[in-house]
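Chain residues, written in single-letter form:
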Amino acid sequence: MFSFVLFSMTRAWQGFWRNAVMSLAATATMVLMLLLLAGFWIIQTGLLAGLQFTEQKVEVVAYLQTNATDIQVAELQDRLRVMPEVASVVYISRDEALAKFRDSMRAQGRDDLTRYLETNPLYASLEVKMVDPSLVRTVGDALRGDPSVRNVIDIEDLVQRVLTVTGILRTAGTVLLVIVGVIALFIIINTIRLAVLARAEEIEVMRLVGASDAFIRWPFVFEGAFVGFLGSVLTLAILAAVADPLSGFMADFFRVLPLQFGSLTRDLVALVMGAGVGLGILGSWLSVRTYLIR
């Protein structure tokens, strides 16, 4: 078995270089399609990260009664923190709220009229970030039922619109990625099929001299694996060369840095290597199979 595998690999390597023009053309096509697939994968990852970042900005703001005691506020925060729907709770005092308001006015270049007031007109508040924005009503109802809460900002309609938009974008991105994947699959397999077609006479000669199907098929399968592996390595090298400017583009466009995440790098390597080698083997297998059906 080992000798047969070694023989098939040797024949595949010889066939790769004996038909260098078609092999390199198939490799170039493989690289282009893998770059296209990887590019859309990166964009999809950035899109999902951006949408998640946007959804994480959703928060419920509750203004507290002026006579709410520190103990009441602390108890309310403790009750909120144990809720599974709540990611975090931040208490904003009246002085902090006034300072933030004044900073906002200065940043906008507007006159701060609060300096003419003798007392602070703002209320202390709680800013509650959600684990899942769709559960904003549950947290809002819990806040409205507490006697220390003066008012809760109603953002349910806004959150629903945000979730609708992000859901549409997620679905559209996934559908587009699948379409690109199918196109890449078709073009890569068709290119390998053309490369095998150019050697139809060689296959026919081997059949005429009595070569077995395995003897004919496996060198082509390994040759397809060579093409896929070479195309994958070249694709990853190109992606590594453009990683820095691509990371900058992702940061500017999505306001996140998904390329710095280790999981994306691992997923990208797995995607490119798996798609390249897998499609190379599949394309060769299917292409040779048509000549072996008796």
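Attention shifts here to the pairing of strand β3 (residues 125-130). For β3, a buried count of five out of six residues is recorded, marking the element as mostly surrounded by other parts of the structure. Pairing of strand β1 (residues 59-64) with β3 involves five bridges; the strand directions are antiparallel. Bridge pairing in β3 links Y63 to S125. Examined bridge by bridge, strand β2 (residues 86-92) and β3 share six bridges and lie antiparallel to one another. From the neighbouring strand, V90 faces β3, where its bridge partner is E127.

Once that is clear, we can look at the side chain of T27. By the element assignment, T27 lies in helix α2 (residues 20-56). Leave out the neighbours within four places in its chain, and T27 touches F16, V227, L230, G231 and L234.

For the rest of this paragraph, the subject is helix α5 (residues 136-144). Within α5 the residues assigned to the buried category are V136, V139, G140 and L143. Projected down its long axis, α5 shows its buried positions confined to an angular sector of 100°, all on one face.

Two strands in a sheet stick together by hydrogen bonds in their backbones, pointing the same way (parallel) or opposite ways (antiparallel). Taken together, four strands build an open sheet; the order of strands is β2-β3-β1-β4 and the sheet is antiparallel. The open sheet terminates on both sides in strands that have one partner only, identified here as β2 and β4 (149-152). For this sheet, the mean angle separating the axes of adjacent strands, direction not counted, is 25°. Sheet contacts for helix α3 (residues 70-81): β1, β2, β3 and β4; angle to β2, the most-contacted strand, approximately 165°. Packed onto the sheet, helix α4 (residues 94-107) meets β2 and β3 and runs at close to 90° relative to β2.

Before going further, it helps to spend a moment on the nonpolar core. With 23 residues, the main nonpolar core has V60, L80, V128, V139 and L143 as its most contacted residues. For this core, the secondary structure elements donating two or more residues are β1, α3, β2, β3, α5, β4 and α6 (156-197). Excluding its chain neighbours within four sequence positions, the residues that come into contact with L80 are V86, V89, L126, V128, V139 and L143. By size, the runner-up hydrophobic cluster in this structure holds 19 residues, among which are L37, L268, A275 and L279.

The volume enclosed by the second largest pocket comes to roughly 160 Å³. If you trace the second largest pocket, you find it lined by V61, Y63, I92, A97, K100, F101, L122, Y123, S125 and E127. Breaking the lining of the second largest pocket down by element, the ones donating at least two residues are β1, α4 and β3. Ranked by residue count, the leading element in the lining of the second largest pocket is α4, at three residues.

Conventions used here
- Residues numbered from 1 in each chain as written.
- Predicted model: local features only at pLDDT ≥ 70, side-chain atom pairs only at ≥ 80, totals over all residues.
- Heavy atoms only, no water.
- Buried < 20%, exposed > 50% of the residue type's maximum accessible area, 1.4 Å probe, protein only.
- Helix = DSSP H or I, 4+ residues; strand = E, 2+ residues; numbered from the N terminus.
- Pairing = 2+ DSSP bridges.
- Contact = heavy atoms within 4.5 Å.
- Arc of directions from axis to C-beta.
- Axes fitted to C-alpha atoms, helices over the stretch in contact; angles between N-to-C directions.
- Core = buried A, V, L, I, M, F, W, Y, C linked by side-chain atoms within 4.5 Å.
- 1 Å grid on protein atoms, 1.4 Å probe; cavity = no way out; pocket = protein on both sides within 12 Å on 5 of 7 lines; lining within 4 Å.
- Points joined across faces, edges and corners; volume = space filled by probe spheres on them.

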